[in-house]
Amino acid sequence: MEAVKKKRRRKKAEEMSAQEAEAIDNGDASIGGVGGGPSAEEVRMSSDLHHQHKKHYQELSGTIFKEMHTIPELSATIGPQQVLREVTEQRAILQGIVQRVEDVLKEAKCPRPKMIDAKKVLDQYKELRQCTTDSSFTEEMKLEMLEDKRQELSKAHRWEVFAKFQDELNTLREKCTKRMAGNDVTAKEVRAGSDKKRIAARVAAAKGLKPEEVEEASVTTTNVELPPEVIVLSFLYKSKLEKNHGVVIDRPDGGKGLAKGSPPSKSLIVHGVTEEAKECVRELRALDLSGKQVMTVSPKQASVIMGSQQGNARKIEGEYKGVFIHSERNQVTIYGPPKQVKACHQHVVATMGPEHGAGGDGPAAAGSTERAAAPRREEVPLMRIDKDKARALKGPNGDVVKKLQADSGANIKVTINKEDEEDTMATVRITGDPATVLKAKDGVNAFLKSLVVHHAPASSEAIIRLYDGLRIAAKGKGKGGGTGKGATKFGDLRDNSGLTVVRKADGVDLLGSKADVDKWKETLKECITEAGMVPAVVRLSAEQARLWTTERVEAVKTSTGAKVQLIRRGKGGENSMLEINGTQAEKDQATAEIEKSHETMSFSESIADVPAAATRSLTARGTNKLRELEKRHDVSVSIDRKTQEVTITGSQDNVVAAKAELEAEIEKAGTSVTHEIDIAWEEGGVVIGKGGTMVQSIRQTCGIEDLQVETVEEKKKVIIKGSQEAVDAAVKMVEEVLAKAKEAAAEQAERKNNKESGNGEENTKGSGKGNRKGKGKGKGKDKGEDGEEWYND
């Protein structure tokens, strides 16, 4: 019978009008009891739950919507620079809003309950309340079930409010994105207008006029596709065409050169008044620079060819149409149509006399690979030597062959075919004057005769570990180039012994003088012996890896005599390990001590539902609280940001003490305060930073919840929200940033005043050492074809 009554009441509730249902959801108590529906008290309870969740989400999003409303629209009356400045500042604020929307949605995320219809849950609550109690359904059971149903009703209201809240924030995020896109379009238009004005001013300068004498509308921009060689050689004709036609010629890359790996430009851009630009374009397209002739000459010959202020070269260019002559170092190059280049080259060779006192030889005429006539040079037949001895002949950084070149005066080229491993021989070519070649050949033979080769046998596994140790050691090198903690004896042998170390399939070879080989061969033997020992490995979890400090590792090494090394791998150290080397007894003892330590340090406790504000405060870069707590209590602390749970691992006593301290820190960090700082209008950009970088830096360094820069009449205000400690740190950081900006502005103003008064302290001339980089002569290494290397002074 009771079941029938329940069914009838449920049917009546479903037949209620949409308006009555809405009234119940909105908390209208006046309908309580109508048609057997929920009572006024039940409706009021439902309404209270609804308003509680609504108020909670409004508190989370209120400041975000308020900040969005304070951003003004870009005004068309302000100047271009002000527009661009406002676009930059607004982008930083809008990006901050978008980031806060994402953070709030992540922080306030609500799980979807099984029952999301609050009206139906309220009906179920009413039916349960009307049920009578008996021996099988006690009053206590009824109250518990009513409380469960009330919790279910609360979850349904929370889901309903969250869904609307989520839609509103997503709409706000979309508005921010559209606003930034619109601002970018405005900034682009402003820059385009400025670019047109700047181009018109450049065209006016090319024509020798004042900027106001050239109208922007009369200036056209033409993109001219040209052969690659014409674009690359634009330095030959650019200034000439600009002067003749009163135009400006640019490259699409802005003349800054091409980035590595990017394709070369295929066009040039011509800016100028319409008719003049057309003439320049026609002349550009008529250029033919496919012909090229290079002459290697002495400085005096180059001076004669080019003439005073390049007057002779320009005269020759006038006689041979389409030809350009360029001089660089000891080379003169002729560019242009192939026939014209050939005729021009013949003219230069025929009309140029021999260099004064040079013996009668003029410029070379055999193309880019030929050299001017020079004293007779000798070349000995190629010497073929063993590859390993060739490596020793080159020496570290080419030091040996450079010394032989310096002593003899000849050029020595050592070629090692690295691609063909089966070819065990290398070649040595010596060129120069007969006397220097003979001296160099004797020096090479004497060096090869003095070489001693020592072979140290080793297993393939030992060789692999030996050279793997070098890669690990390389990570320990600092900027100064010194050896770091990860250095090995084998690395010291290879880098500092002066010997040539060659890796072989069955061992390692040492090549050098007998004295040096005898000095270092025992060290190599020790290295191979150590590398042949198979290390014991203890795998570590991320928490265990953080607990193995340098002091704890050193303690195990001291007590056992084994060599223990912590190797961190994987994200957060999740694939880390302890590698143990030594005798079997030492490895067993060290492994036992490590496992015993793990048993002692395996206790862990968790703190659930840590507020996001507290997490930010604990992990802030500037405070380093977690690392200090870990060090103080000898524990490992990890934070799961998805579940907002903190886990502490270590020995039981240490974990308990660390947890108590951490809970106090979380409680203190969870209390949010707000602090406001009044700043000048121009200081707003300083606090925000370029692209919002300073705001982000302050947030991450101090662990605050939020930092906003708001406009208040003619001033601006910095609003900081977070824990008291985080806010205090952020206030101090803001004050330091503003103070540094003021100091920089004062120094700049002082330099400007000094410069204007003629008392500037800057002086680029005079004696003494400066701090600027300069050009200098030195020794270099050039690589030729097929692995050849030239070492030239």
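Refer to the structure presented above.
Let us look at the structure shown here.

What counts as what
Residues numbered from 1 in each chain as written. Predicted model: local features only at pLDDT ≥ 70, side-chain atom pairs only at ≥ 80, totals over all residues. Heavy atoms only, no water. Helix = DSSP H or I, 4+ residues; strand = E, 2+ residues; numbered from the N terminus. Buried < 20%, exposed > 50% of the residue type's maximum accessible area, 1.4 Å probe, protein only. Lys, Arg positive; Asp, Glu negative; His and termini not counted. Salt bridge = Lys/Arg side-chain N within 4 Å of Asp/Glu carboxyl O. Contact = heavy atoms within 4.5 Å. Pairing = 2+ DSSP bridges. Axes fitted to C-alpha atoms, helices over the stretch in contact; angles between N-to-C directions.

### A closer look at the side chain of K587
In step 1: Here K587 lies in helix α21 (residues 584-600).
In step 2: D588 is the oppositely charged side chain nearest to the buried, salt-bridge-free K587, at an N-O distance of 7.2 Å.
In step 3: Once residues lying within four places of it in the same chain are set aside, the contact partners of K587 are V534, A536, I580, N581 and G582.

### Details of the environment of E328
In step 1: Among the secondary structure elements, E328 is positioned in strand β5 (residues 324-328).
In step 2: Sequence separation between E328 and T296 is 32 residues; the distance between their C-alpha atoms is 9.9 Å.

### A short note on the sheet that holds strand β2 (residues 248-250)
In step 1: Strand order in the open sheet formed by 3 strands is β1-β3-β2, and the pairing between neighbours is antiparallel. A strand with exactly one partner marks an edge of an open sheet, and here the two such strands are β1 (219-225) and β2. Strand-to-strand twist in this sheet, taken as the mean axis angle between neighbours without regard to direction, amounts to 20 degrees.
In step 2: Across 7 bridges, the pairing between β1 and strand β3 (residues 267-273) is antiparallel. Along β3, the bridge assignment pairs V219 with V273.
In step 3: Taken strand by strand, helix α6 (residues 139-207) contacts β1, β2 and β3, and its axis lies near 75 degrees from that of β3.
In step 4: In this fold helix α8 (residues 234-245) packs onto β2 and β3, with an angle of close to 155 degrees to the strand it touches most, β2.

### Details of unusual backbone geometry
In step 1: Positioned with a positive phi, Q309 is a non-glycine residue whose angle comes to about 50 degrees.
In step 2: Tracing the sequence through the fold places Q309 in the loop between α10 (299-306) and α11 (311-319).
In step 3: What makes Q309 exposed here is its relative accessible area of 79%.
In step 4: Of note in this structure, D634 is not a glycine but carries a positive phi near 55 degrees.
In step 5: As for its placement among the helices and strands, D634 is situated in the loop between α23 (625-633) and β18 (636-640).
In step 6: Judged by relative accessible area, which is 29%, D634 ranks as partly exposed.

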